[in-house]
Amino acid sequence: MSQPKSKFISYLTQSVAGNSRKSSFKSYIEEDDNAPQDENDYLVSGGDDEVQESASKFFDVSQQPNLMPGERVIGEVDRVLKYAPYSAGKQGWSGVLCITNYKLGFLTADRSSYEMTGKRNRNKILGDDDIPLTCIDSIYHVASNGKRKKLTLGSRTSAKTETLEVHCKDFRIHKFGFKFTPKDENKRFVNMLVHHAFTTKDTLLFAYEYGRNNLLSGRQMMLECPQFDCILDWEEELRRCHADKTWRVTDVNIHFDLSQSLPKYFVVPSALMNTDLQKAAPHFKDRRIPVWCYTHINRNSLVRMSAMDISSDQTKFQQRNNKKDNKMLDAVKVASNQRNSPKVVVIEEECPSCQEVQESFTRLRKMCMSDTIEEFVDQDASWLTSLESSRWLLLVARCLKAAKDICEHVISGKRTVVIQEATGCDMSCLVSSLAQVLLDPHYRTMTGLQGLVEKEWVRAGHPFQKYLALVTPTESSLEQTPVFLLFLDCIWQLMQQFPTSFEFTETLLTTMWDSALIGIFDTFLFNNDHQRVSFSKNDNKNIRQFKLPSAWKWDFQFSSEDLSFFKNPLYLITHDEELRTSINDLRLLSRPGRVCQNSRNNSLRMVQENNVMGAGSAEMDPVRRDVLVPEESPQVLQLWRQCYLRWQSPAQILSGGTPTEYLQQCVMVEEIAQLQHKVKQLELTSNSDVKFRSKNNLIFGSQTNKSNLSELLNSTVLTSSFPFSPGPASKDQQYTFTPISAYIRHSTLDYDRYMDDD
């Protein structure tokens, strides 16, 4: 019997000679209708007996998913084809598709499908082909006639699915072929996926089973950043801001009697007693009274509150409400030691609404998602028009301007600012956080940013579960309102304007967004602390209370090698005293007639201060020192390519893009550090005084396992989407791929220090 022509290639075992590849196993998708439909009929005729035997046993290989505590397999279907992106369904892998109560996973015996080139940032809890159910945005059923149908909440399909499309919230598209799957198994599996992908109750989330079955030790829960779930964290933050004399931590809401939207502990003016807070709470929407956020060194503060709750009998209570409002604001004025009343900023007048964010994000997602070359070409032809019509960058600009104006009130206007919003937990989270990043360099560190998210988002009751559509009780709740993503985008824009002012990289920001969609982290799983406590107590049922891991426990997800990509080398070189001093000394020595005295505050320090408010008077006015003043014009803002376009391989730059700059900066910092260490060694009078150089946590400076680092440097190729997407498949031999190890080979660093002998 003659073999049909291959239109789908799955590389089970391959031999590569020069620039050609020979496939030893092939399966076919689009054949003649009269062609046999058994996978054993698609073996390469006339091939080696060993290859024939290997291929015939392909579907018989038992594949077991890696399961987390509390995770169980709900259903699976074999003989599934996973299509490679942008391959028009002609390349991919064969295997088993399974559903657990946590994820949709694809398992294959085709080990060559796990190409080691290109993709790093490998997650410890999720495989390359795993999709958390909370990350699924939409599911499409494609019939044999090509008709495409979106499967929504509660819907079922009775027809056989030829192709299953899974669109994810991180803008990734997965396609699976079901041609070899029996019709009954096909329908049962697809309906099962739709049922479990759209969870209608939070107690049906996998996090519930995971928390009950996974006992986290105290060490596993320890974090470097404060979580603000206890009085001590709030008191420490007050002391850091020098605000502990006029503001205090209250426990009036410890049982959520005051407000279910506020945390157990928060900060209020010291002049207010708990009874005052209880009397005032009913007059604010969701009982969100004015609470402290931050105090600048000039003693002006940021405060947040919801709008006044006007009852139906407005004329009767209007006067009383005004009195309560004035009393609370008067207490804020006293705490700020000011004569003028606080400046009240109504957030709805300055920022986009949640509805605008939702609509803009929908358009942004549409323009950044494609899975065929034809779709990509069509999007590319109208890219600038689509970007403008999405209005996403305009929303970013409005948020930056609102935060900048608030900083101006605090610094130049010398007034405390009260941020008022109808709900008190939506856009006010973004603006308050962004203003603090502009005002205080502490929040530009990795620990500071994480603590800021805890304080202004998690504890302040931002509805992550609702806005990320982690639980979808109704069809309308499937739409996302990613206010948090908009905040991360604003931070990314600041990093482009002030590249030396942030300790972390854009990879950290992108990973934060991914972590919000994983669905097991306490940080991003709930709408408020009241729901968080009720969830862990199982609504007071007689079951052991549990805790979920924090997203900030990064080693829970990543290796130390991958975590090194979170660190910004430009921040290190401008903020590490020893490195900065050494560079300044060299600069001064290179100038005729100059000596290296008092160089610590010269050169790099002045370059850094040119980025802040009042650069000319930065040394004289400590209030303005280190305050960032961004440019919010849309002409300056850019699209965040790493986050939004990382899965579009046709848009990736091979061996180029910002990752090349980043890695070269890492090499530069390590070269400087090594030279500095050698100079110190030469200056010491005895070998016994030789000190080990400090760890800088960059990829070329981290004290990691040599074998793991060698594998990373040699196997990881560079694209503009590094370290996330692998880029074009390595079968494209016409392209030249650059491994990270090339950056060491062409530097003064010791190549053998990073590479295994073998």
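Residues numbered from 1 in each chain as written. Predicted model: local features only at pLDDT ≥ 70, side-chain atom pairs only at ≥ 80, totals over all residues. Heavy atoms only, no water.

Draft legend 1. Representation of the overall build of the chain in the model. Scanning the chain from N- to C-terminus turns up 27 helices and 17 strands. Evaluated residue by residue, the chain yields a buried proportion of 55% over its 758 residues. When contacts within the chain are restricted to residue pairs at least 6 apart in sequence, those whose partners lie at least 24 apart make up 71%. Element-wise, carbon and sulfur atoms account for 48% of the exposed surface of the chain, whose accessible area totals about 33700 Å². (Helix = DSSP H or I, 4+ residues; strand = E, 2+ residues; numbered from the N terminus. Buried < 20%, exposed > 50% of the residue type's maximum accessible area, 1.4 Å probe, protein only. Contact = heavy atoms within 4.5 Å. Areas by Shrake-Rupley, 256 points an atom, 1.4 Å probe, with all protein chains shown as cover.)

Draft legend 2. Main features of unusual backbone geometry. Cis geometry is adopted by the peptide bond preceding proline 723, which originates at phenylalanine 722 and carries an omega value of 5°. In this fold, proline 723 is placed in the loop between helix 25 (706–715) and helix 26 (741–745). If you check the backbone angles, phenylalanine 256 has positive phi at about 60° while not being a glycine. Exposure remark for phenylalanine 256: the relative accessible area of 9% places this residue in the buried category. You will see that lysine 414, though not glycine, has its phi angle at about 50°, which is positive. Within the secondary structure layout, lysine 414 lies in the loop between helix 12 (392–411) and strand 17 (417–421). Taking relative accessible area as the criterion, lysine 414 reaches 60% and is therefore assigned exposed.

Draft legend 3. Local environment of the environment of leucine 712. Here leucine 712 shows up in helix 25. The exposure class of leucine 712 is buried, given its relative accessible area of 0%. Each C-alpha atom of the pair leucine 712 and isoleucine 740 lies 7.9 Å from the other, and the pair is 28 residues apart in sequence.

Draft legend 4. Highlighting the pairing of strand 10 (residues 163–168). Across the six residues of strand 10, six count as buried, placing the element largely inside the fold. Of the two faces of strand 10, both are covered, the one formed by Thr163, Glu165 and His167 as well as the one formed by Leu164, Val166 and Cys168. Inspection of the sheet shows strand 8 (residues 136–142) paired to strand 10 by six bridges, in the antiparallel sense. Of the residues in strand 10, the one forming a bridge with tyrosine 140 is glutamate 165. Where strand 10 meets strand 11 (residues 173–177), five bridges bridge the pair, whose relative direction is antiparallel. (Pairing = 2+ DSSP bridges.)

Draft legend 5. Region of the structure containing the sheet that holds strand 15 (residues 301–306). Here four strands make up an open sheet; going across it, the order is 14-15-17-16 and the pairing mixed. Of all the strands in the sheet, the pair left with one neighbour each is strand 14 (291–295) and strand 16 (343–346). Neighbouring strand axes in the sheet, compared pairwise and without regard to direction, differ in orientation by 25° on average. Bridge count between strand 15 and strand 17: five bridges; the pairing is parallel. (Axes fitted to C-alpha atoms, helices over the stretch in contact; angles between N-to-C directions.)

Draft legend 6. Local environment of the nonpolar core. Ile289, Trp392, Leu430, Phe487, Ile491 and Tyr644 are the most contacted members of the largest nonpolar core, which totals 164 residues. Considering each element in turn, this core owes the most residues, 13 residues, to helix 12. The residues contacting tryptophan 392, other than those within four sequence positions of it, are Val357, Ser360, Phe361, Leu364, Pro482, Leu485, Leu486, Asp489 and Tyr644. Core analysis: the next-biggest nonpolar cluster, separate from the first, contains 22 residues, Phe565, Tyr662, Cys666 and Val667 among them. (Core = buried A, V, L, I, M, F, W, Y, C linked by side-chain atoms within 4.5 Å.)

Draft legend 7. Summary view of the pairing of strand 6 (residues 103–107). With five of five residues buried, strand 6 is to be regarded as a mostly interior element. Pairing geometry for strand 5 (residues 91–100) and strand 6, over four bridges, is antiparallel. Paired with leucine 97 across the two strands is phenylalanine 106, which belongs to strand 6. Taken together, the three bridges between strand 6 and strand 7 (residues 130–132) define a ladder with antiparallel strand orientation. Residue pairing in the sheet places glycine 105 in a bridge with aspartate 130 of strand 7.

Draft legend 8. Local environment of a negative patch on the surface. On the surface, a cluster of negative charge is contributed by Glu76, Asp78, Asp184 and Glu185. When residues of the negative patch are traced back to their parent elements, those giving at least two are strand 4 (73–83) and helix 2 (183–197). Mapped onto the secondary structure, glutamate 76 falls in strand 4. (Patch = residues over 30% accessible without salt bridge, like charges linked within 9 Å, V, L, I, M, F, W, Y side chains within 5 Å. Salt bridge = Lys/Arg side-chain N within 4 Å of Asp/Glu carboxyl O. Lys, Arg positive; Asp, Glu negative; His and termini not counted. Charge placed at Lys NZ, Arg CZ, Asp CG, Glu CD.)

Draft legend 9. Spotlight on the pattern of salt bridges. Considering all chains together, one arrives at 22 salt bridges under this definition. Linking aspartate 276 and lysine 327 is a salt bridge whose minimum nitrogen-to-oxygen distance equals 3.4 Å. Of this pair, aspartate 276 sits in helix 6 (residues 274–280) while lysine 327 sits in helix 7 (residues 314–335), placing them 51 residues apart in sequence. Under the relative-accessibility criterion, aspartate 276 is labelled buried at 18%. Residue lysine 327 is classed as partly exposed on the basis of its relative accessible area of 43%. A salt bridge links aspartate 522 to arginine 532; the shortest N-O distance between them is 3.0 Å. Taken together, the residues aspartate 522 in the loop between helix 17 (506–518) and helix 18 (529–536) and arginine 532 in helix 18 connect sequence positions ten residues apart. For arginine 532, a relative accessible area of 9% translates into the label buried.

Draft legend 10. Focus on the confidence of the model for the chain. Of all residues in the chain, 76% attain a pLDDT of 70 or more, and the chain-wide mean is 81. Below pLDDT 50 for its whole length, residues 1–48 participates in 105 contacts with residues either more than four positions away or in separate chains. Throughout residues 54–61 the model reports pLDDT below 50, and contacts reaching past four residues in sequence, or to other chains, amount to 18 contacts. (pLDDT = per-residue confidence, 0-100.)

Draft legend 11. How the structure looks around the packing of aromatic side chains. As enumerated under the stated definition, the model contains 29 aromatic pairs in all. Between tryptophan 457 and phenylalanine 487, the aromatic rings sit 5.3 Å apart at their centres with planes inclined by 45°, giving tilted as the arrangement. Taken together, the positions of tryptophan 457 in helix 14 (residues 446–458) and phenylalanine 487 in helix 16 (residues 483–497) put the pair 30 residues apart, joining distant regions of the chain. Across the pair, phenylalanine 487 and tryptophan 457 agree in class, each one buried. Aromatic side chains phenylalanine 484 and phenylalanine 524 sit 5.3 Å apart centroid to centroid with 45° between the ring planes, which places their arrangement in the tilted category. One end of the pair, phenylalanine 484, is in helix 16; the other, phenylalanine 524, is in the loop between helix 17 and helix 18, with 40 residues separating them in the sequence. This pair shows no difference in class: phenylalanine 484 is buried, exactly as phenylalanine 524 is. (Phe/Tyr/Trp six-rings, centres within 6.5 Å; stacked < 30°, edge-to-face > 60°.)

Draft legend 12. Spotlight on the side chain of threonine 372. In this structure, threonine 372 sits in the loop between helix 9 (354–367) and helix 10 (373–381). Apart from the residues within four sequence positions on either side, threonine 372 is in contact with Tyr86 and Lys175.

Draft legend 13. Region of the structure containing the packing of helix 9 against helix 11 (residues 383–390). For the pair helix 9 and helix 11, the least separation of the axes is 8 Å and the interaxial angle reads 160°. What the angle tells us is that helix 9 and helix 11 run roughly antiparallel. When you trace helix 9 past helix 11, the crossing you get is left-handed. Along its contact with helix 9, which presents Ser360, Arg363, Leu364 and Met367, the element helix 11 presents Trp383, Ser386, Leu387, Ser389 and Ser390. (Parallel < 35°, antiparallel > 145°, perpendicular 65-115°, else oblique. Left-handed = near helix turned anticlockwise from the far one by under 90°.)

Draft legend 14. Representation of the environment of alanine 460 in the model. For alanine 460, the location among the structural elements is in the loop between helix 14 and helix 15 (464–467). Classification of alanine 460 by relative accessible area gives buried; the value is 9%. When the C-alpha atoms of alanine 460 and cysteine 293 are compared, they prove to be 9.7 Å apart, with 167 residues separating the residues in sequence. In this structure alanine 460 touches Ser261, Arg288, Arg304, Cys425 and Lys455, once residues within four positions along its chain are discounted.

Draft legend 15. The arrangement of helix 16 in detail. Across its 15 residues, helix 16 extends 22 Å between first and last C-alpha, which sits within 8% of the 21 Å expected from 1.5 Å per residue. Of all 15 residues in helix 16, 13 are buried; the element is thus mostly enclosed. (Expected span 1.5 Å × (residues − 1).)

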